[in-house]
Amino acid sequence: MNWITLRVRDLEASLDFYNRILGLPIERRFESRGKQIVMLGTVDQPKIELIQASEPALKPECGVSVGFEVASLYDAIEHLKSHGIPVARGPITPNPQLRFFYILDPDGFEVQLAEHS
């Protein structure tokens, strides 16, 4: 997989969330057909492509979520709490090797943070 595209209402709010809070590096920022676009991520992972749009192409309730692995679920929850981002669902432990929880991005899309042991 190369990237996942999210059409967002407020590009700067989404960029702040994915870059500053979640720590995804900005790979590049450009304009195409009058729309601002930011690619986030590294060469070792699929990218998140944020496109400024007046209306998201997907509605948050469509069931699409984006997932990231974290080293420590506890540390991730504390980090997000310090930025005023609450846990939307979880933590969930479906088996002894996996724990995860969900938060919401600025457009209401679910973002899963998972710890594998």
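1. Concerning the sheet that holds strand S5 (residues 65–69)
Thinking step 1. Read across the open sheet, the four strands follow the order S5-S8-S7-S6; overall the sheet is mixed. The strands lining the two open edges of the sheet, one partner per strand, are S5 and strand S6 (89–95). Here the strands of the sheet are splayed against their neighbours by 25° on average, with no regard to which way each runs.
Thinking step 2. Bridge count for S5 against strand S8 (residues 110–116) is five bridges, and the pairing is parallel. By the bridge assignment, Gly 67 is partnered in S8 with Gln 112.

2. Section: the sheet that holds strand S1 (residues 3–8)
Thinking step 1. Across the sheet, which stays open at both edges, the four strands sit in the order S1-S4-S3-S2 with mixed pairing between neighbours. Edge strands, defined here as strands with exactly one partner in the open sheet, are S1 and strand S2 (26–32). Between one strand axis and the next, the sheet turns through 20° on average, direction left out of account.
Thinking step 2. When strand S3 (residues 35–40) meets strand S4 (residues 47–52), the two strands line up antiparallel, connected through four bridges. Among the inter-strand pairings, Met 39 is bridged to a residue of S4, identified as Glu 49.
Thinking step 3. Sitting on the sheet, helix H1 (residues 11–21) is in contact with S1, S2, S3 and S4, with an inclination near 5° to S3.

Calculation notes
Residues numbered from 1 in each chain as written. Predicted model: local features only at pLDDT ≥ 70, side-chain atom pairs only at ≥ 80, totals over all residues. Heavy atoms only, no water. Pairing = 2+ DSSP bridges. Helix = DSSP H or I, 4+ residues; strand = E, 2+ residues; numbered from the N terminus. Axes fitted to C-alpha atoms, helices over the stretch in contact; angles between N-to-C directions. Contact = heavy atoms within 4.5 Å.

Bear in mind that shape data such as this cannot, by itself, settle questions of function.
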